[in-house]
Amino acid sequence: MNLSQVLLSALKAHGAREVFGIPGDFALPFFREIENAGILPLYTLSHEPGVGFAADASARIRSTLSVAAVTYGAGALNMVNPVAGAYAEKSPVVVISGAPGKGEASTGLLLHHQAKTLDSQFAIYQEITCDQARLTDARTAPAEIARVLASCLRESRPVYIELPRDMVAEPCEPVVALGAPAVDPAALDACTDEILARLAAAERPVLMVGVEVRRFDLEAQVAALARQLGIPVVTSILGRGLLAGHDAPLAGTYLGVAGDEAVTALVEDSDALLMLGVLVSDTNFGVSARQIDLRKAIHACDGEVTLGYHTYAHLPLGQVVRRLLERAPAARQMPTLAPPSYPHGMVADDAPIVPGDIARGINDLMARHGVMPIAADMGDCMFTAMEIAHQALVAPGYYATMGFGVPAGLGLQAATGERPLILVGDGAFQMTGWELGNCCRFGWDPIVLVFNNRSWEMLRTFQPESSFNDLSAWDFAGMAAGLGGDGVRVDTRAELAAALEQAVATRGRFQLIDVTIPRGELSPTLKRFVAGVKRLSAPGAR
Ligand SMILES: Cc1ncc(Cc2csc(CCOP(=O)(O)OP(=O)(O)O)c2C)c(N)n1
Ligand SMILES: [Mg+2]
């Protein structure tokens, strides 16, 4: 085999099921190898941010690594933002960048696509990946690939592989995958015993699940653990959608002052908050009504478990969950929880549409036609997603970048074959919505709801005096046909209800519903979030 075939085979063996990418002259030879080898299907998109977001979503929904292949310089540096978001939200994306060959790198000329030096890109990617390799020697390449792919899966973070274009066809030995690092059984037992002792001594234990539970494919085990422990479960905002379809005593999503009061009280009154795979971020905890004393919490994330003032190192979450399941006593009783409730029954009348209506309309639609995986962009559409019945959701809930929604929806359909629902604001659609033009090439047919308030509304809520938050009215519905889909603008709730039914009934072409929302109208969740942030950030609030 050659180096490209070895790399592609190793990627597939480690869980990759496709490559998203855009070539360039430094990557053309590698893309030719991808196409000729047929080891992984290649989906080329139109702009590298879309490549990164699509690969990120594929990794999230399949709970394993994914691949984003680009050219050197203009391509790879164009993808820095999505990879940074994948790093922040623990999504294992393998970035493969073409690069100048040995000969050209030594000409002494400034090469096209070169920024500062030929090492600059590698240095930039060192900041947003957990491991890196430059495949400049076919003798060491298998071990380099094995190391980097093992890091990607172990850390659940992006990694970076630089592939000089004169190396792609070099004969190469296959990759031998590295095994998982050994775990100290005594430390694991001491840690799990301490966790169980704290939970047993607590009067109000609560389990909070976060992104790592999905990333390490632990939802079934964590649902079983919650049942065995007999304690209520909540998700973090970034963990929204976790345990959907699993039998777990799920109370809802913790949103602090922006969320359900009962869920907020459950978490903030707990005397033993067990956080599994939760990122302790401002979006997860920044709107806590009361400061949660994290020193009383038990936090398992990033391969460590912290209890109070001490930390157990090198304990992967999967091992901790496995050992807890083996050692936890059977629950005396299950918590009596009111199941989470979600708004239904949108009135299909001539009233204008507000974001809360969209959540109701989608909940009604899914009650009739079944759930769909959801990709949400940053903006009020993401807060509206918190009001949609709990199911698989990918959204930039912590890194909070715009542009994620449409490409992530395409990544979902490429990865799962399931038709996704995409929620995106007009501002974010202006960034990456055009990737919909690639749907017809690959047979994708997402249903896309554009929250068209002609505004950067989230910014306006924090700075209403600035007129630069006003956007003009783009006719997104009118643009759909030119991109190979169907578009309709809806101004009333009756029109929204009809458009949703029509979209579900139409397969094979993306369906874009351009939803007119009066400027200034917010989802109930965003209203509470903004009010909470303003109140908690007021002088003397804490
Ligand atoms: C890549 C990037 N650049 C800027 C910003 C900063 C921002 C956060 S929210 C927002 C406005 C979003 O407008 P949209 O119409 O999409 O949604 P809505 O507020 O509901 O009306 C901006 C510009 C972020 N997060 N990411
Ligand atoms: Mg908007």
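What counts and how
- Counting restarts for each chain: residues are numbered from 1 in the order of the written sequence.
- Written order decides the labels, with chains lettered from A and ligands numbered from 1.
- The model is predicted, so local features are restricted to residues of pLDDT at least 70 and side-chain atom pairs to those at 80 or more, both for listing and for counting; the totals for chains, interfaces and linings are taken over all residues.
- Note that water and hydrogens are dropped before the side-chain values are worked out from all heavy atoms of the structure.
- Counting from the N terminus, the helices are the DSSP runs of H or I reaching at least four residues and the strands are the DSSP runs of E reaching at least two.
- Exposure classes here rest on a 1.4 Å probe applied to the protein chains alone. A residue is buried below 20% of its type maximum, exposed above 50%, and partly exposed in between.
- Here the positive residues are Lys and Arg and the negative ones are Asp and Glu; neither His nor the chain ends is included.
- Any carboxyl oxygen of Asp or Glu that lies within 4 Å of a side-chain nitrogen of Lys or Arg is treated as forming a salt bridge with it.
- Polar contact is the term for a pair of N or O atoms within 3.5 Å; when the atoms are in protein, one must be able to donate a hydrogen and the other to accept it, and sequence-neighboring residues count only if both atoms are side-chain atoms.
- Working rule for contacts: check all heavy atoms of both residues, and any pair within 4.5 Å makes them a contact.
- UniProt positions are given in the numbering used here, feature names are shortened, and annotations may be inferred rather than shown by experiment.
- The axes used here are C-alpha line fits, helices contributing only the stretch in contact, and every angle between their N-to-C directions lies in the interval 0 to 180 degrees.
- Helix crossings are classified by the rotation of the near helix relative to the far one: an anticlockwise turn of less than a right angle makes the crossing left-handed, while a clockwise turn makes it right-handed.
- Each residue receives one of three labels: charged for Asp, Glu, Lys and Arg, nonpolar for Ala, Val, Leu, Ile, Met, Phe, Trp, Tyr, Cys and Pro, and polar for the others, Gly being one of them.
- We treat two strands as partners when DSSP finds at least two bridges between them.
- Any pair of Phe, Tyr and Trp rings, taking the six-membered ring for Trp, is counted once the centres come within 6.5 Å. Such a pair is stacked with planes under 30 degrees apart, edge-to-face with planes over 60 apart, and tilted for the rest.
- Two conditions define a charge sitting above a ring: the NZ of Lys or the CZ of Arg must be within 6 Å of the ring centre, and it must be within 35 degrees of the ring normal.

- As annotated in an unreviewed UniProt entry, the protein chain is Indolepyruvate/phenylpyruvate decarboxylase from Denitromonas iodatirespirans.

## Side note on the side chain of glutamate 48
Right, on to step 1. Turning to its location among the elements, glutamate 48 is positioned in helix 3 (residues 48–62).
Right, on to step 2. One buried charged side chain, glutamate 48, makes no salt bridge at all; its nearest oppositely charged neighbour is arginine 441, positioned 12 Å away.
Right, on to step 3. A polar contact of 2.8 Å, which involves the side chain of glutamate 48, links it to the side chain of asparagine 78.
Right, on to step 4. Beyond its immediate stretch of four places on either side in the chain, glutamate 48 contacts Ile22, Val70, Gly75, Asn78 and Met79.

## Details of the UniProt feature "domain: Thiamine pyrophosphate enzyme N-terminal TPP-binding" (unreviewed entry) in the protein chain
Right, on to step 1. UniProt records the feature "domain: Thiamine pyrophosphate enzyme N-terminal TPP-binding" (unreviewed entry) for residues 1–116 in the present numbering.
Right, on to step 2. The span residues 1–116 carries 42% helix and 16% strand; its end-to-end C-alpha distance comes to 35 Å.

## So, the packing of helix 1 (residues 3–13) against helix 2 (residues 28–37)
Right, on to step 1. Packing of helix 1 against helix 2 leaves a shortest axis separation of 10 Å and a crossing angle of 65 degrees. Handedness of the crossing formed by helix 1 with helix 2: right-handed. Residue-level inspection shows Ser4, Gln5, Leu7 and Leu8 of helix 1 in contact with helix 2, the latter providing Phe30, Glu33, Ile34 and Ala37.
Right, on to step 2. When the residues that make up the contact of helix 1 with helix 2 are grouped by side-chain class, the tally is five nonpolar, two polar and one charged.

## Let's talk about the sheet that holds strand 18 (residues 486–490)
Right, on to step 1. Strand order across the open sheet formed by six strands is 15-14-16-17-19-18, with parallel pairing between neighbours. Every interior strand has two partners, whereas the edge strands, strand 15 (393–394) and strand 18, have only one.
Right, on to step 2. Pairing of strand 18 with strand 19 (residues 511–516), which is carried by five bridges, proceeds in the parallel orientation. For valine 490, the partnering residue across the bridge sits in strand 19 and is valine 515.
Right, on to step 3. Against the sheet, helix 21 (residues 493–505) contacts strand 17 (447–452), strand 18 and strand 19, and its axis sits at roughly 170 degrees relative to strand 19.

## A look at the packing of aromatic side chains
Right, on to step 1. Counted under the stated rule, the structure contains 15 aromatic pairs.
Right, on to step 2. Taking the centre distance of 4.9 Å and the plane angle of 90 degrees together, the rings of tyrosine 43 and phenylalanine 442 count as edge-to-face. Placement of tyrosine 43 in strand 2 (residues 42–44) and of phenylalanine 442 in helix 18 (residues 439–442) is noted, with a sequence separation of 399 residues between them.
Right, on to step 3. Tyrosine 43 sits in the buried class, given a relative accessible area of 16%.
Right, on to step 4. Taken together, the ring pairs in this structure connect Phe20, Tyr43, Phe442 and Trp444 into an aromatic cluster.
Right, on to step 5. Seen from the ring of tyrosine 87, arginine 157 lies directly overhead, with NZ or CZ sitting 4.4 Å from the centre.

## Focus on the sheet that holds strand 9 (residues 250–253)
Right, on to step 1. Judged by pairing direction, the sheet is mixed, and its seven strands sit side by side in the order 9-8-7-10-11-12-13 without closing on themselves. Edge positions in the sheet fall to strand 9 and strand 13 (310–312), since each has one partner strand and no second. On average, each strand axis in the sheet is inclined to that of its neighbour by 20 degrees, with strand direction left out of account.
Right, on to step 2. The pairing of strand 8 (residues 233–235) with strand 9 spans three bridges and is parallel. Following the sheet pairing, valine 233 is matched in strand 9 by leucine 250.

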